[in-house]
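# A structural walkthrough
The residues making up each chain are set out below.
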Amino acid sequence: MRVEVDVPKCVASGQCVLLAPDVFDQREEDGMVVLLDDNPPAELHDAVRESATVCPAAAIRLEES
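A few points on the structure.

Under the counting rule described, the total for this entry stands at seven salt bridges. In this structure, the salt-bridge partner of arginine 2 is aspartate 38, at a minimum N-O distance of 2.5 Å. On the criterion of sequence distance, the pair formed by arginine 2 in strand E1 (residues 2-5) and aspartate 38 in the loop between strand E3 (33-35) and helix H2 (45-54) is long-range, its members being 36 residues apart. Notably, a salt bridge pairs arginine 49 with glutamate 64, separated by 2.8 Å at the nearest N-O pair. One end of the pair, arginine 49, is in helix H2; the other, glutamate 64, is in the segment after strand E4 (60-63), and 15 residues separate them in sequence. Taken together, the shared-partner salt bridges in this structure form one network comprising Glu4, Asp6 and Arg61.

All of the buried residues along H2 are His45, Val48, Ser51 and Ala52. Along H2, the residues classed as buried sweep out an arc of 120° about the axis, all on the same side. Exposed positions of H2 whose direction lies more than 90 degrees from the buried face are Asp46 and Thr53. In this structure, the buried side of H2 is in contact with E1, helix H1 (15-19), strand E2 (24-26) and E4.

Conventions and cut-offs
Residues numbered from 1 in each chain as written. Predicted model: local features only at pLDDT ≥ 70, side-chain atom pairs only at ≥ 80, totals over all residues. Heavy atoms only, no water. Salt bridge = Lys/Arg side-chain N within 4 Å of Asp/Glu carboxyl O. Helix = DSSP H or I, 4+ residues; strand = E, 2+ residues; numbered from the N terminus. Buried < 20%, exposed > 50% of the residue type's maximum accessible area, 1.4 Å probe, protein only. Arc of directions from axis to C-beta. Contact = heavy atoms within 4.5 Å.

Here it is as structure tokens:
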């Protein structure tokens, strides 16, 4: 799995961080998404998929391998 985020689309809801904190974080100053791991291990794939699904701005894109 490859993960991409579209930071300008992010609305800083933080759902991705709650669901997959090893993959996503938020900037201190404005809460915008920070991608920590663009190629997460298999055990995190379900959480990353859920993060992409619940993202209110659709700012997370996944490329499944």
